[in-house]
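Read off the chains here:
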Amino acid sequence: MGNKQTIFTDEQLDAYQDCTFFTRKEILRLHGRYHELAPHLVPMDYTNEPDVKLPLALIVNMPELKENPFRNRIVESFSEDGEGNLSFNDFVDMFSVLSEMAPRELKAIYAFKIYDFNTDNFICKEDLEKTLNKLTREELTSEEVNLVCEKAIEEADLDGDSKLSFADFENMISRAPDFLSTFHLRI
Amino acid sequence: MAARNINFDMDLHHMEVTMESPVDEDVVHSSFSRLIEEQSGSLDQGHGALELEDLSDERRDHVTYLAAPSWAEHGQQRGQDLEVAMVNDPLIDERWSSATLRVLSSMPSRTIGRSRGAIISQYYNRTMQLCRRRQTRPTIRDFSRSARPSIRGYGVESDCGDGSEEERKKDQLVNNLQKLSISDRVRMLRAMPLSVAEKSDLRKRAYNYKEGRPISSSQMSCCSRLKYYIIIALRQSWYSWLSFLHSLQLWQVPLKRVSGRFGTGVLSYFLFLKILLFFNIFLFLINGFFLVLPQAIHRPPPANLSQKFTGLELLTGGGSFTNTVMFYGHYSHRTLTSGCRHSDNASVPTDQPGCPPRLSFNMPLAYFFTIGVSFFITCIILVYSMSKSFGKSFRINKSQGYLAVKVFSSWDFKVIKRTSVKLQSENICTQLKELLGEVSRREEGQSVLHRLGRALVHGLAWILCLISTGGAALAVYYFSEYMHKDLETRVLETRDLETRDLETGQRLLEQQASLLALPVVVSSLNLLMPGLFNAVGWMEVYDSPSIRTYVAIFRNLLLKVSMLGVLCYHWLGRVAADPGKLLLQCWESFVGQELYRFLLIDFIFTVLGTFFGEFLWRMCSQRVLKRKRMPEFDIARNVLELIYGQTLAWLGVLFSPLLPAVQIVKLLLLFYIKKASLMQNCQAPRRPWRASQMSTVFITLLCFPSFLGAAVSVTYTMWTIRPSQDCGPFRGLSTMFQAGKQWMLELKTANPNLTWLTWIHTTMVENPLFLFISAGIFLMVIYFHTQVVDGQRKVISLLQEQIENLVSIVGEDKKFLITRLQTIHEQRRPPSRKTHRASEESCF
């Protein structure tokens, strides 16, 4: 702690600043958070870009995600291998998209991925049911869930294929002024 | 912003041409250029996606997310899935061959935001558009046909592509990125939905290329290199500046904690408080630097009668506080000069004999311009943030699409506390149930009797509220009159009783204490009346909670505005008009003290209200009533209290330049008190809170009645009311505004070279015509702005209709094409790529 250690080179930090919505300081803080998740796995020195990935179970235990009903989907959506293992880059990516500065479109793309449980590039009724059950902790009856699913798809589906493509989703999100402020995690 | 505008233009273009029948392909191509561009751009991606699927690790599994065979290897399984999906569609009930399904699966709508190739290609197109817009040089004809997005290009590319295709696209993207300016490039990079590793690869390539080769033959490489280094250095310093600014951000951790427990709605209150704090810090800095500091350095000899400090002064601002930099009366009417200070004349020319003329400070002038300029800058900041906030929160609200929006955007990702998360899901659950109920009710409709009854209740509630508001305003009016007369008699009595010292002290103390009566009455009315409004609002039934919130806000606002109006009349009409009645030497200081008292008592009442309203209520409901529920944090009411306090502070700046400092302390304390009370006593509000919309409303309210009212009364004071003759910077003048005029006259005689300044002053400040014109222009700009927003709203709704029509037509087309494809495919078995393409082109 006491002696000064280089975690990233200047070039790396510049790259992070150009590619994410974080400043130098925040990148270092994120590294600190990543490091404290698994101190024995994650090295302090990232100058030679070590290939370290943390499993989903560790990431999901962060206080920011712990109580989120969509935590597994969030982590999976941002993991390069699709199984929920996050490298530091993926980790930064995740919080960058969820940060305040990220534009609507970027947020919409990842929100779509998160709600697309079966990763078939559509939000179909099955995805919607899962979303609803997670949202309400399965408090709604199955008829109510059914009704909400039908109505929601009916409202948002523009091309009439009774499932939501990304275009439908984006169009719907553009009418929700609060989406930007709610799809946001403070780290 | 700019990108959006362009989109509008192009889409408008669209709208016009949809009227024509798209028979000729060229016509279609040019008219639907944008749509087709996008489509085909993504078709290109689609192609990339086909190749990519072999490479990418996209796994799919319905339930367990375990590793499953990737799509391309198991086209058959995928095909079956798609068939299942298709069967659900009533219109398409045919069975598709696997080749058709492969094509279907690579359609843009299925790959968007998914595969790397698709994203790169999409951003390639975007950078292209940006390039085209920023610099006219690389026109569309400069690029090869395959780079130019078109439907035909797709047919060719889909067949000849291989792994190097993505590389090529990437190169082109890098190429385009280089053409952009640095800020555009960074913005593009940040917005790309790619992983950081890929982005930094792109970035590295974009920078390397630029350094490696000369940009154009006309430029010298040395020069460009220098430019490059300068740009790098500038960027570095900009980033370090940004991170410095970021480290200055106030209350990062508490705000995170609040949002983690209570969500975005409650957070908006604290953010608003923070905004007010910055406004006050700004005012304090300006006043402190230009008024308080010079005056404090040139302190006049202390007055001989030093009053005893009793402690009551802290509340009333009177007594020994009266003659300090805190209030107007203390400020000098002279030109303060460094080195020697002896200027007895009110209108001293700056070059006195014997004194070096360079360091002189004309106090009256400084007072006048500091207040004026700080109000002006505040006004600009307010209007700017208001319009920005409007832009942010403005979206079309349609009743349609509400349920879907609720499902997908109501979860507040910021909330991280377990109980709050539970509460949030309960809230969403009840809201969904309500919405479902509404959907079914909407179909039923309501009876006339029901509606009539409701209207009656609303009318009654409004009458009650208006009467009580009027009653409160009248009460304040008569009470202030009574207190005014009371003060008169007290003042006269103390003057007569000058002989006996002890009794005088006693009486003075009483007199001071009696001054507190009016603020106490007003603050208690402010505290109690919202409770009455809540009770009245409780019996009303509103369709939507947002209307209920707006009504509550409007009633509270009406109350506060009428109170402040009466008080302004009291100060400017009664006290200032005839200060001799109260034997006041300096009515400005008196009004400043009044405002100080109001601010302080308001703070005390807010704290008491927090304590009783939240803490005791929680204790009561938990201990006595044995209920689990805790009181909710009333955002609207709390924000209105803040606005009221801020109006007082703005009103008082003229009479008490250090009032912003008091307000800063008040806000800081309030932040911690409210936060502590919130954490201890409250639960997250049950009603949905449209945070972005509400913050727009709040900032508008801060601007319109609050700031504008304060500014009008301050200007009125400066222009028309006669300042005190024995104190303050403007003594001896008929109005405060004369200070500038006099200075101009002096300047004219002393320094003929500066006549232009005088001219500017006469035309701009003295001439009311100029003020009217500038105010008129300002209003006009605001008007045009709202008109533009309104027009955009209309255009957007029109476009949305168009899109919906178009999309349904395109959907039909798609189905038609797919069936065609299928039939042709079946006719020419075994399928070859060539026939495929032919079939497609024949379709077009």
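Since the structure is predicted, the reported quantities are computational estimates derived from the model, not experimental observations.

## Notes on the overall build of chain A
Then, in step 1: Counting its regular elements, chain A contains 11 helices and two strands.
Then, in step 2: When the helices and strands of chain A are listed from N to C terminus, the series reads α-α-β-α-α-α-β-α-α-α-α-α-α.
Then, in step 3: Among the 187 residues that make up chain A, the fraction classed as buried is 63%.
Then, in step 4: In chain A, of all internal contacts separated by at least 6 residues, the share reaching a separation of at least 24 is 56%.
Then, in step 5: On chain A, roughly 7,100 Å² of surface is accessible, and the fraction owed to carbon and sulfur atoms is 50%.

## Focus on the overall build of chain B
Then, in step 1: Along the backbone of chain B there are 29 helices and two strands.
Then, in step 2: Counting only residues that meet the buried cut, chain B has 45% of its 844 residues in that class.
Then, in step 3: A fraction of 76% describes how many contacts in chain B between residues 6 or more apart in sequence connect residues 24 or more apart.

## A word on the UniProt feature "domain: EF-hand" (unreviewed entry) in chain A
Residue and element names in this part refer to chain A.
Then, in step 1: Cross-referencing UniProt, the feature "domain: EF-hand" (unreviewed entry) maps to residues 103–138 and 144–179 in the present numbering.
Then, in step 2: With 67% helix and 0% strand, the stretch residues 103–138 has end C-alpha atoms that lie 32 Å from each other.
Then, in step 3: Between the end C-alpha atoms of residues 144–179 the distance is 24 Å, and the span holds 61% helix and 0% strand.

## Details of helix 7 (residues 104–115) of chain A
Residues and elements named next belong to chain A.
Then, in step 1: Between its first and last C-alpha, helix 7 extends 16 Å over 12 residues, near the 16 Å set by a 1.5 Å rise per residue.
Then, in step 2: The buried fraction of helix 7 is high, at 11 of 12 residues.
Then, in step 3: Those residues of helix 7 not exposed but buried are Arg104, Leu106, Lys107, Ala108, Ile109, Tyr110, Ala111, Phe112, Lys113, Ile114 and Tyr115.

## Here's the deal with the environment of B:Tyr124
Then, in step 1: Structurally, B:Tyr124 is set in helix 7 (residues 116–134).
Then, in step 2: Placed 53 residues apart in sequence, B:Tyr124 and B:Leu177 show a C-alpha to C-alpha distance of 8.5 Å.

## Brief notes about the packing of aromatic side chains
Then, in step 1: Applying the stated criterion across every chain yields a total of 48 aromatic pairs over all chains.
Then, in step 2: A ring pair is formed by B:Trp719 and B:Phe737, whose centres lie 4.5 Å apart and whose planes are at 20°; its orientation type is stacked. Taken together, the residues B:Trp719 in helix 25 (residues 691–720) and B:Phe737 in the loop between helix 25 and helix 26 (738–750) connect sequence positions 18 residues apart.
Then, in step 3: Accessibility expressed as a relative area gives 29% for B:Trp719, which makes it partly exposed.
Then, in step 4: Across from the ring centre of A:Phe117, 5.9 Å away, lies the NZ or CZ of A:Arg73, which sits over that ring.
Then, in step 5: Over the ring of A:Phe122 we find A:Lys163, and its NZ or CZ is 4.4 Å from the ring centre.

## Comments concerning the interface of chain A and chain B
Note on interface size: it is often stated as the accessible area lost on association of the parts.
Then, in step 1: On the side of chain B, 82 residues touch chain A, which itself brings 87 residues to the contact.
Then, in step 2: Across the interface of chain A and chain B, roughly 7,900 Å² is buried in total on both sides, 56% from carbon and sulfur atoms.
Then, in step 3: Looking only at chain A, the three residues that lose the most surface to chain B are A:Asp18, A:Arg175 and A:Arg186, adding up to 10% of its buried area.
Then, in step 4: Counting the contacts that link chain A with chain B gives three salt bridges.
Then, in step 5: Counting across the chain A and chain B interface gives 15 residue pairs in polar contact (both at pLDDT 80 or more).
Then, in step 6: Classifying every residue of the side of chain A that touches chain B gives 37 nonpolar, 17 polar and 33 charged.

## Here we look at the state of the cysteines
Then, in step 1: Within the structure shown, the criterion is met by one disulfide over all chains.
Then, in step 2: A sulfur-sulfur separation of 2.1 Å characterises the disulfide bridge that pairs B:Cys586 with B:Cys727. The sign of the S-S torsion, about 90°, decides the handedness of the disulfide formed by B:Cys586 and B:Cys727: right-handed. A residue pair is termed long-range when its members are at least 10 positions apart, and B:Cys586 in the loop between helix 21 (545–575) and helix 22 (587–624) and B:Cys727 in the loop between helix 25 and helix 26 qualify at 141 residues.
Then, in step 3: A residue is classified by how much of its surface remains accessible, and B:Cys586, at 10% relative accessible area, is buried.
Then, in step 4: Note on B:Cys727: relative accessible area 7%, which makes it buried.
Then, in step 5: Of all cysteine sulfurs, the one in A:Cys124 lies closest to A:Cys149, which takes part in no disulfide; the gap is 9.8 Å.

## Topic: the confidence of the model for chain B
All names here are of chain B.
Then, in step 1: When pLDDT is averaged across chain B, the result is 73; 70% of the residues are at 70 or more.
Then, in step 2: Per-element confidence in chain B ranges from a low mean pLDDT of 36 for helix 8 (residues 151–160) to a high of 92 for helix 24 (residues 659–681).
Then, in step 3: Across residues 1–93, where pLDDT falls below 50, the model places 130 contacts with residues more than four positions away in sequence or in other chains.
Then, in step 4: Counting interchain partners and residues more than four positions distant, the pLDDT-below-50 stretch residues 211–219 has seven contacts.
Then, in step 5: Two numbers describe this predicted complex: its pTM, 0.69, and its ipTM, 0.89.

## A few points about the packing of helix 22 of chain B against helix 24 of chain B
Residue and element names in this part refer to chain B.
Then, in step 1: Closest axis-to-axis distance for the helix 22/helix 24 pair is 11 Å, and the angle between their directions is 0°. Regarding the angle of helix 22 to helix 24, the classification is roughly parallel. Side by side, helix 22 and helix 24 meet where Leu595, Tyr596, Leu599, Asp602, Phe603, Thr606, Val607, Thr610, Glu614, Phe615 and Arg618 of the first sit next to Leu659, Val662, Gln663, Lys666, Leu669, Leu670, Ile673, Lys674, Ser677, Gln680 and Asn681 of the second.

## What to know about the pattern of salt bridges
All names here are of chain B.
Then, in step 1: The final tally for this structure, using the stated rule, is 19 salt bridges over all chains.
Then, in step 2: With its nearest N and O atoms 2.9 Å apart, the salt bridge here joins arginine 490 to aspartate 486. Of this pair, arginine 490 and aspartate 486 are both found in helix 18 (residues 448–496), four residues apart, which corresponds to roughly one turn of the helix.
Then, in step 3: What makes arginine 490 partly exposed here is its relative accessible area of 23%.
Then, in step 4: A salt bridge links glutamate 540 to arginine 555, with the nearest nitrogen and oxygen atoms 3.1 Å apart. One end of the pair, glutamate 540, is in the loop between helix 20 (517–539) and helix 21; the other, arginine 555, is in helix 21, and 15 residues separate them in sequence.

## So, unusual backbone geometry
Residue and element names in this part refer to chain A.
Then, in step 1: The backbone of arginine 137 sits at a positive phi, close to 55°, despite the residue not being glycine.
Then, in step 2: Examined against the element boundaries, arginine 137 turns out to sit in the loop between helix 8 (125–136) and helix 9 (142–156).
Then, in step 3: Located in the positive-phi region is glutamate 138, a residue other than glycine, with phi close to 60°.
Then, in step 4: Along the chain, the position of glutamate 138 falls in the loop between helix 8 and helix 9.
Then, in step 5: Residue classification places glutamate 138 among the exposed residues on the basis of a relative accessible area of 61%.

## Things to note about a nonpolar patch on the surface
Residues and elements named next belong to chain B.
Then, in step 1: On the surface, Val457, Leu460, Leu464, Trp538 and Met539 cluster together into a nonpolar patch covering about 540 Å² of accessible area.
Then, in step 2: Position of tryptophan 538 among the secondary structure elements: in helix 20.
Then, in step 3: By relative accessible area, which is 73% here, tryptophan 538 ends up exposed.

## A look at the side chain of B:Arg205
Then, in step 1: Along the chain, B:Arg205 falls in helix 11 (residues 196–212).
Then, in step 2: The residues contacting B:Arg205, other than those within four sequence positions of it, are B:Glu167, B:Lys170, B:Asp171, B:Val174 and B:Gln178.

## Considerations on the environment of B:Arg507
Then, in step 1: Within the element layout of this structure, B:Arg507 appears in helix 19 (residues 501–514).
Then, in step 2: Counting along the chain gives 13 residues from B:Arg507 to B:Thr494, while the straight-line C-alpha distance between them is 6.9 Å.

## Re the side chain of B:Gln511
Then, in step 1: Considering the arrangement of structural elements, one finds B:Gln511 in helix 19.
Then, in step 2: When near neighbours in sequence (up to four residues on either side) are disregarded, B:Gln511 contacts B:Leu487, B:Arg490, B:Val491 and B:Thr494.

Scoring rules and cut-offs
- Residues numbered from 1 in each chain as written.
- Chains lettered and ligands numbered in written order.
- Predicted model: local features only at pLDDT ≥ 70, side-chain atom pairs only at ≥ 80, totals over all residues.
- Heavy atoms only, no water.
- Helix = DSSP H or I, 4+ residues; strand = E, 2+ residues; numbered from the N terminus.
- Buried < 20%, exposed > 50% of the residue type's maximum accessible area, 1.4 Å probe, protein only.
- Contact = heavy atoms within 4.5 Å.
- Areas by Shrake-Rupley, 256 points an atom, 1.4 Å probe, with all protein chains shown as cover.
- UniProt positions renumbered as here; feature names shortened; annotations may be inferred.
- Expected span 1.5 Å × (residues − 1).
- Phe/Tyr/Trp six-rings, centres within 6.5 Å; stacked < 30°, edge-to-face > 60°.
- Lys NZ or Arg CZ within 6 Å of the ring centre and 35° of its normal.
- Buried area = accessible area lost by both parts, 1.4 Å probe.
- Salt bridge = Lys/Arg side-chain N within 4 Å of Asp/Glu carboxyl O.
- Polar contact = N/O pair within 3.5 Å; in protein donor to acceptor, adjacent residues only side chain to side chain.
- Nonpolar A, V, L, I, M, F, W, Y, C, P; charged D, E, K, R; others polar.
- Disulfide = S-S within 2.5 Å.
- pLDDT = per-residue confidence, 0-100.
- Axes fitted to C-alpha atoms, helices over the stretch in contact; angles between N-to-C directions.
- Parallel < 35°, antiparallel > 145°, perpendicular 65-115°, else oblique.
- Patch = residues over 30% accessible without salt bridge, like charges linked within 9 Å, V, L, I, M, F, W, Y side chains within 5 Å.

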